[in-house]
Amino acid sequence: MSNLKFDFADKTVLVIGGTSGIGLATADLFASSGAQVMVAGPDEDQGREIVAKFSGSVAFHAVDVRDESAVKLLIQAMTECWGRIDIAINNAGIEGPFGPVEALSDEDCQRIIDINLKGIWHGMKYQILQMLSQGGGVIVNTGSSASLRAISNVAMYSASKHAIAGLTKASAVEHGRNNIRINAIAPGPVRTGLLERMVGGHIQLDEIANMVPMGRIAESSEIASAIAWLASDSASFVTGHILAVDGGLTVA
Ligand SMILES: NC(=O)c1ccc[n+]([C@@H]2O[C@H](COP(=O)([O-])OP(=O)(O)OC[C@H]3O[C@@H](n4cnc5c(N)ncnc54)[C@H](O)[C@@H]3O)[C@@H](O)[C@H]2O)c1
């Protein structure tokens, strides 16, 4: 667990896909570092639990990232509430079925691309419009080791995560002179529901840990720390970067 201390006092932070796993740990870190945090996700019950857990320091707005008009409303709601979006974390993602590329159905493919790629773009589109109008901001997208290297049996997930790397790099270049920094993190295996659903019944988590040079799976808080650093002023000259947070997996 990181001992890094961040100061996000007076910052407004949006975490889309923030009701569980990496997103929830990220919302927690920003909130405990002084930020006003809006968590968004599809599950209203989870949202209510989070609002109660954080005693009002975290707000919730329901959204399905596949729905562009709902994402637009989310950005409007946040700016009406707090006036600006300093930091946006686009973290929503699904795993898709485990198996070879030829076994994927058209429906599987569509769902993965709609959430993991178009969903991130929907968020970026309205965040960037808002950030242009307010004079700047920071965006961090959640990619994966699968943005950077081959991971077999999750080819369409990997394709969507490679696409996030491209989207991040190109939009960072477009907005370099607009005071908007855009980066992505590329986590290795992290102990969350997504990882268990992705490999459950196929690979034991111990086997996955053994593939990682550091010999273990990450905790969500370790990914949250990297997201917070990218979003902080300490990373003020970092844009268009895909930051591997993977215990050495990508370079092994
Ligand atoms: N766990 C890992 O090993 C791992 C590794 C690399 C990258 N990631 C990425 O990290 C991100 C978070 O995943 P996690 O591991 O914390 O798992 P998770 O399942 O806990 O989190 C995924 C989040 O995305 C949200 N989401 C799913 N569909 C959505 C939709 N249509 N609209 C809005 N939100 C939606 C969920 O509600 C959830 O909060 C994902 O993008 C995932 O691809 C995870």
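Thresholds, definitions, all that
Residues numbered from 1 in each chain as written. Predicted model: local features only at pLDDT ≥ 70, side-chain atom pairs only at ≥ 80, totals over all residues. Heavy atoms only, no water. Helix = DSSP H or I, 4+ residues; strand = E, 2+ residues; numbered from the N terminus. Rg over C-alpha atoms; globule rule 2.2 N^0.38 Å. Buried < 20%, exposed > 50% of the residue type's maximum accessible area, 1.4 Å probe, protein only. Contact = heavy atoms within 4.5 Å. Salt bridge = Lys/Arg side-chain N within 4 Å of Asp/Glu carboxyl O. Phe/Tyr/Trp six-rings, centres within 6.5 Å; stacked < 30°, edge-to-face > 60°. Near = heavy atom within 4 Å. Polar contact = N/O pair within 3.5 Å; in protein donor to acceptor, adjacent residues only side chain to side chain. Areas by Shrake-Rupley, 256 points an atom, 1.4 Å probe, with all protein chains shown as cover. Nonpolar A, V, L, I, M, F, W, Y, C, P; charged D, E, K, R; others polar. Pairing = 2+ DSSP bridges. Axes fitted to C-alpha atoms, helices over the stretch in contact; angles between N-to-C directions. Expected span 1.5 Å × (residues − 1).

Draft legend 1. Region of interest: the overall build of the protein. Scanning the protein for helices and strands turns up 8 helices and 7 strands. The globule rule puts the C-alpha radius of gyration for 252 residues at 18 Å, and the 17 Å found for the protein is close to it. C-alpha extents for the protein along the principal axes are approximately 45 × 40 × 40 Å. Out of the 252 residues in the protein, the part that is buried amounts to 50%. Within the protein, counting contacts between residues at least 6 apart in sequence, those at least 24 apart form 70% of the total.

Draft legend 2. Geometry of the pattern of salt bridges. Per the stated rule, a full pass over the model turns up 7 salt bridges. With a closest N to O distance of 2.7 Å, Arg66 and Asp64 form a salt bridge. As a salt-bridge pair, Lys125 and Glu68 come within 2.8 Å of each other at their nearest N and O atoms. Here the residue Lys125 occupies a position in helix α4 (residues 106–134), and Glu68 occupies one in helix α3 (residues 68–82), the gap between them amounting to 57 residues. Taking relative accessible area as the criterion, Lys125 reaches 29% and is therefore assigned partly exposed.

Draft legend 3. Local environment of the packing of aromatic side chains. Evaluated as defined, the whole model comprises 2 aromatic pairs. Relative to Phe8, the ring of Phe6 lies with its centre 5.7 Å away and its plane at 25 degrees, an arrangement referred to as stacked. Side by side, Phe6 and Phe8 carry an identical accessibility label, which is buried. Put simply, the rings of Phe6, Phe8 and Phe30 touch in pairs and so form one group of aromatic residues.

Draft legend 4. Geometry of the site of the ligand. Around the ligand, the surrounding shell holds 27 residues, and the nearest of these are Ser20, Ile22, Tyr157, Val190 and Thr192. Take Ile22: an N or O atom from its main chain is 2.8 Å from an oxygen atom of the ligand. In isolation the ligand has 810 Å² of accessible area, and contact with the protein removes 93% of it. The set of elements that each furnish at least two residues to the shell around the ligand consists of α1 (21–32), α5 (155–174) and α6 (193–199). Take the shell around the ligand: its biggest share by element is 3 residues, from α6. Classifying every residue of the shell around the ligand by side-chain character gives 13 nonpolar, 11 polar and 3 charged.

Draft legend 5. Geometry of the sheet that holds strand β1 (residues 12–16). Pairing in this open sheet of 7 strands is parallel, and the strands run β3-β2-β1-β4-β5-β6-β7 from one edge to the other. Two strands close off the open sheet at either side, each with one partner strand: β3 (58–62) and β7 (242–245). On average, adjacent strands in this sheet sit at an angle of 20 degrees to one another, irrespective of strand direction. The pairing of strand β6 (residues 180–187) with β7 spans 4 bridges and is classified as parallel. By the bridge assignment for β7, Ile185 is matched with Leu243. Sitting on the sheet, helix α2 (residues 44–53) is in contact with β2 (36–41) and β3, with an inclination near 170 degrees to β3. Docked against the sheet, α5 engages β5 (137–142), β6 and β7, running at close to 160 degrees with respect to β6.

Draft legend 6. How the structure looks around α5. For α5, spanning 20 residues, the distance from its first C-alpha to its last is 29 Å, which sits close to the expected 28 Å at 1.5 Å a residue. Among all positions in α5, only Met156, Tyr157, Ser158, Ser160, Lys161, Ile164, Ala165, Thr168, Ser171 and Ala172 are buried. Here the buried face of α5 lies against α4, β5, β6, α6 and β7.

Draft legend 7. Inspection of unusual backbone geometry at higher detail. One non-glycine residue with positive phi stands out, namely Ser55, at about 45 degrees. Its place among the elements puts Ser55 in the loop between α2 and β3. The backbone of Asn153 sits at a positive phi, close to 75 degrees, despite the residue not being glycine. Tracing the backbone shows Asn153 in the loop between β5 and α5. Judged by its relative accessible area of 28%, Asn153 falls in the partly exposed class.

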